[in-house]
Amino acid sequence: MSSPEQTRVVVLSIDGVPYSLAQRLAGNGDMPNLATLIRQGDFRQMRSAYPTVSCVAWSSYMTGKNPGKHGIYGFLERRENNYDIQFPNAATMTAENIWEIIGRTGKRVFGMNVPVTYPPRPVNGILIGGFLTPSLEKVAWPAGVADYLKSIDYRIDSNAALGRSDKHALLDDLNVTLKKRAQAMFHFLEQEPWDFFHTHIMGSDRICHFLYGKMQEQDPEFSEAFRAYFRHVDGIIGELMEKIGPDTPLLIFSDHGFCTIKKEVQLSRFLVEKGWTVPADTIKHPLSIDPAHSKAYTLIPGRIFINLKGREPGGIVPVEEYQNTREAIKKDLLDLRDPETSEPVIRTVLTREQIYWPSGQAGPRPESSPPTESTYRKAADLIAIPYNGYDLKLGLAGTKFFTNTELEGMHSYDDAFICSRHIDLPNNIEIMMLARHILAKLNIEIPPDLDGIEPGLTPEL
């Protein structure tokens, strides 16, 4: 249902699906509905965000801004006044999201399961939080929506931990979660008024993390199960297309791509061995460091922080040594090699100002974080960008740089996909640019502080 005589836009986001995989599944008959949409519309690769993790990419999508403005830099952050960790969420996001921007014009909005929407903000419509939401009681705005979700045994997220212990159980859980997502999606699509409707599928990311290698190797058992999951997704695409009709503007896209893991790289361990980080006597979490003797530390994925005097709670690096320290760490990272193949691990190392100061805009000095720049204050000083196949982890309590676990797939930056119908998009596109095109399609004035005016605000490697 929609408001009378108003343009509507529908979004179905499918987390972590590479352009190359979507192209293959549409071409081999596993996703015929996606193939139909590709023929009707515009299908291409899209760039993600740095660092390439879902929380950063989806925050950039929903705000139309780079992380230096919205304040979500990764899944983990250091707490403001100590070296404990916290999980950032919608409460720590320092920018309006797309549902708020659209809703304040009087248009009705719906959003479900998009990462970094918990706790759900009040909107003119319905907003249902994504993974990391602690319970169904807290998942939705307005709160009464949770009653319906409970009645159908709605799943906020699949149990990704099953991927490490029982892949068959993971597949069962993924399919049940997807079935419940679709049930809720079509209920709200048909029963609620809306002008902007966005539903997110998260299980695609989970299955790629734990079965991407087996799919690529055409494992006789799990490759077919992988394809079957995406046939399930395609059935949802087909039903959605039927219900909204051929004239409703539609976007289907992912936030990043995937590739097969060669090695998991324990970057905290590397910094320890190089003398940049000194662990605490007792390691309780990824930031259990001795700040009095650590010149730097890392948080996933690949974010390096200088333990700067006057900025960090126990900083020891003088401001005048900041740039030299960054350059020395950068050199160590670029020198890191795979011990078995001698391949370089790190493709490049970007500075905070390269990523978070949009082109043509002046940010604070790289070594500073004035109180007026509280969002930038959390930005890493360096961001290590690995070659595909080298998945940057932490491993502070471990003893090895390179490991392999049950994970088979890692995120990739330049292989997300987007398929659009009745929405014009520029040729060179990144996820941060989508908000302004959705707003334009809804005839909403674009806020002047949005990024994504042109490609290249995020460095393209």
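What you are looking at is a predicted structure, and each value in this text was computed from that prediction instead of being measured.

Scoring rules and cut-offs
Residues numbered from 1 in each chain as written. Predicted model: local features only at pLDDT ≥ 70, side-chain atom pairs only at ≥ 80, totals over all residues. Heavy atoms only, no water. Helix = DSSP H or I, 4+ residues; strand = E, 2+ residues; numbered from the N terminus. Rg over C-alpha atoms; globule rule 2.2 N^0.38 Å. Buried < 20%, exposed > 50% of the residue type's maximum accessible area, 1.4 Å probe, protein only. Contact = heavy atoms within 4.5 Å. Areas by Shrake-Rupley, 256 points an atom, 1.4 Å probe, with all protein chains shown as cover. Lys, Arg positive; Asp, Glu negative; His and termini not counted. Charge placed at Lys NZ, Arg CZ, Asp CG, Glu CD. Pairing = 2+ DSSP bridges. Axes fitted to C-alpha atoms, helices over the stretch in contact; angles between N-to-C directions. Expected span 1.5 Å × (residues − 1). Polar contact = N/O pair within 3.5 Å; in protein donor to acceptor, adjacent residues only side chain to side chain. Disulfide = S-S within 2.5 Å. Salt bridge = Lys/Arg side-chain N within 4 Å of Asp/Glu carboxyl O. Phe/Tyr/Trp six-rings, centres within 6.5 Å; stacked < 30°, edge-to-face > 60°. Lys NZ or Arg CZ within 6 Å of the ring centre and 35° of its normal.

Engineer: Mind laying out the overall build of the chain, listing which residues take part and the relevant values?
Structural biologist: From N to C terminus, the chain includes 14 helices and 19 strands. Taking 461 residues into account, the globule formula puts the C-alpha radius of gyration at 23 Å, and the chain, at 22 Å, falls close to it. The C-alpha extent of the chain, read off along each of the three principal axes, is 60 × 55 × 40 Å. Burial status across the chain gives 60% buried among its 461 residues. Residue pairs in contact within the chain that sit at least 24 positions apart in sequence constitute 71% of those at least 6 positions apart. Roughly 17700 Å² of accessible area belongs to the chain as shown, and the carbon and sulfur atoms make up 48% of that amount. If the 49 positive side-chain charges of the chain are averaged to one point and the 58 negative ones to another, these points end up 2 Å apart.

Engineer: Hey, could you go over the sheet that holds strand S14 (residues 346-351) for me, with residue numbers and the actual values?
Structural biologist: The four strands are arranged S12-S13-S15-S14 in an open sheet whose pairing can be described as antiparallel. Only two strands of the sheet have a single neighbouring strand rather than two, namely strand S12 (296-299) and S14. Mean inter-strand twist for the sheet, computed between neighbouring axes without regard to direction, equals 25°. Sheet analysis places S12 next to strand S13 (residues 303-306), joined by four bridges and oriented antiparallel. Residue alanine 296 lies in a different strand from S13, and its bridge partner there is isoleucine 306. With respect to the sheet, helix H12 (residues 322-335) is in contact with S12, S13, S14 and strand S15 (382-386), its orientation differing from that of S14 by roughly 165°.

Engineer: Describe in detail the pairing of S12, supporting the description with residues and values.
Structural biologist: Burial along S12 is two-sided: Ala296 and Thr298 and Tyr297 and Leu299, pointing in opposite directions, are all buried. Connecting S12 to the antiparallel partner S13 that follows it, the hairpin turn spans three residues, and glycine 302 within it adopts a positive phi of roughly 75°.

Engineer: Any chance you could break down the environment of histidine 168 for me, citing the residues and the numbers?
Structural biologist: Relative to the assigned elements, histidine 168 resides in helix H8 (residues 167-191). Separated by 64 residues in the primary sequence, histidine 168 and arginine 104 have C-alpha atoms spaced 45 Å apart. Those residues within four positions of histidine 168 in sequence are excluded, and the remaining contacts are Glu221 and Phe222.

Engineer: So what about H8? Which residues, and what values?
Structural biologist: Given a rise of 1.5 Å per residue, 25 residues ought to cover 36 Å, and the 36 Å separating the end C-alpha atoms of H8 matches this to within 8%. Residue aspartate 166 occupies the N-cap position of H8, its side-chain oxygen lying 3.2 Å from the main-chain nitrogen of histidine 168.

Engineer: Requested: an account of the environment of threonine 63, with residues and values cited.
Structural biologist: Relative to the helices and strands, threonine 63 is located in helix H3 (residues 54-63). Residues threonine 63 and phenylalanine 196 lie 133 residues apart in sequence; the distance between their C-alpha atoms is 15 Å. In terms of polar contacts, threonine 63 uses its side chain to reach the backbone amide nitrogen of lysine 65, at 3.2 Å.

Engineer: Could you give me a rundown of the state of the cysteines, with the residues and numbers involved?
Structural biologist: According to the stated counting rule, one finds zero disulfides in the structure shown. Cysteine 259 supplies the cysteine sulfur nearest to cysteine 208, a cysteine that is in no disulfide, at a spacing of 11 Å. Exposure remark for cysteine 259: the relative accessible area of 12% places this residue in the buried category.

Engineer: Could you give an account of the pattern of salt bridges, with specific residues and numbers?
Structural biologist: Taken as a whole, this structure holds 30 salt bridges when the rule is applied. Residue aspartate 338 pairs with lysine 263 through a salt bridge whose shortest N-O separation is 3.0 Å. Taken together, the residues span a long stretch of sequence, with aspartate 338 in the loop between H12 and S14 and lysine 263 in strand S11 (residues 263-266) at a distance of 75 residues. With relative accessibility at 2%, the residue aspartate 338 sits in the buried group. The exposure class assigned to lysine 263 is buried, which follows from its relative accessible area of 10%. A salt bridge links arginine 311 to glutamate 312; its shortest N-O distance comes to 3.1 Å. Residue arginine 311 shares its accessibility class with glutamate 312, and that shared class is buried. Where salt bridges share partners, they join Arg78, Arg311, Glu312, Arg352 and Asp381 into one cluster.

Engineer: I'd love a proper account of the side chain of arginine 181, names of residues and values included.
Structural biologist: Note that arginine 181 resides in helix H8. At 2.9 Å, the side chain of arginine 181 forms a polar contact with the side chain of tyrosine 154. Of note is the side chain of arginine 181, whose polar atom sits 2.9 Å from the backbone oxygen of arginine 155.

Engineer: Break down the environment of isoleucine 201 for me, with residues and values.
Structural biologist: Summarising the element assignment, isoleucine 201 is placed in strand S8 (residues 196-201). In this structure, the C-alpha to C-alpha distance between isoleucine 201 and arginine 227, residues 26 residues apart in sequence, is 16 Å. With residues near it in sequence (within four places) discarded, isoleucine 201 still touches Leu12, Ser13, Ile14, Asp15, Leu178, Tyr229 and Val233.

Engineer: Can you break down the sheet that holds S11 residue by residue, with the values?
Structural biologist: What the three strands build is an open sheet, ordered S16-S11-S17; its pairing is mixed. Every other strand in the sheet has two partners, leaving strand S16 (390-393) and strand S17 (402-403) as the edge strands with one partner each. Bridging between S11 and S16 involves four bridges; their strand directions are parallel. Counterpart to valine 265 in the pairing with S16 is leucine 392.

Engineer: Before we move on, could you go through the packing of aromatic side chains and cite the residues and values that matter?
Structural biologist: Overall, the coordinates contain 19 aromatic pairs when judged by the stated rule. Summarising the aromatic geometry, the rings of tyrosine 50 and tyrosine 413 are spaced 4.1 Å apart at their centres and angled 15° between planes, so their arrangement reads as stacked. With tyrosine 50 in the loop between strand S2 (42-46) and H3 and tyrosine 413 in the loop between strand S18 (409-412) and strand S19 (416-421), this pair connects stretches of sequence that are 363 residues apart. Residue tyrosine 413 is classed as buried on the basis of its relative accessible area of 10%. Three or more aromatic residues joined by ring pairs form one cluster here, namely Phe110, Tyr148, Phe188, Trp194 and Phe197. A cation over an aromatic ring shows up here: arginine 206 above the ring of phenylalanine 131, its NZ or CZ 5.0 Å from the ring centre. The residue whose ring lies beneath lysine 243 is phenylalanine 186, and the NZ or CZ to ring-centre distance is 5.6 Å.

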